[in-house]
Amino acid sequence: MPKYICPHCKQPIDDDEALLCLYCGESLNRAVGFMGKLRYPRPKTIIIIIVLLLIGSFMLLMLI
């Protein structure tokens, strides 16, 4: 069972599904599911989404 280390207090967290630290109460900044990943996007993810939208819109424009 992998342990997660709290970024604030550096205490190990054994619970895989914990969203808050058991010791200091701060957020563990974990993305849960697809919607959670959208809440904490990385710049690389945003760029990939924009590029895919541009390519898709260009292809749609060429079909019409």
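Residues numbered from 1 in each chain as written. Predicted model: local features only at pLDDT ≥ 70, side-chain atom pairs only at ≥ 80, totals over all residues. Heavy atoms only, no water.

Peer 1: Help me get a handle on the state of the cysteines, residues and values and all.
Peer 2: What the rule picks out here adds up to zero disulfides. No disulfide involves Cys 9; its nearest neighbouring cysteine sulfur is the one of Cys 21, lying 3.6 Å away. On the accessibility criterion, Cys 9 (26% relative accessible area) is partly exposed. The class of Cys 21 is buried, set by a relative accessible area of 5%. (Disulfide = S-S within 2.5 Å. Buried < 20%, exposed > 50% of the residue type's maximum accessible area, 1.4 Å probe, protein only.)

Peer 1: Account for the nonpolar core, with residues named and values stated.
Peer 2: Listed in full, the five residues of the largest apolar core are Cys 6, Ile 13, Ala 18, Cys 21 and Leu 28. Not counting chain neighbours up to four residues away, the residues in contact with Leu 28 comprise Tyr 4, Cys 6, Pro 7, Ala 18, Leu 19, Leu 20 and Cys 21. (Core = buried A, V, L, I, M, F, W, Y, C linked by side-chain atoms within 4.5 Å. Contact = heavy atoms within 4.5 Å.)

Peer 1: Which residues make up unusual backbone geometry, and what values go with them?
Peer 2: Backbone geometry follows two general trends: most residues other than glycine have a negative phi, and most peptide bonds adopt the trans configuration. Look at Lys 10: it is not a glycine, yet its phi comes out positive at around 65°. Tracing the backbone through its elements, the reader meets Lys 10 in the loop between β1 (4-5) and β2 (12-13). (Helix = DSSP H or I, 4+ residues; strand = E, 2+ residues; numbered from the N terminus.)

Note that all results are geometric; they support no functional claim without further evidence.
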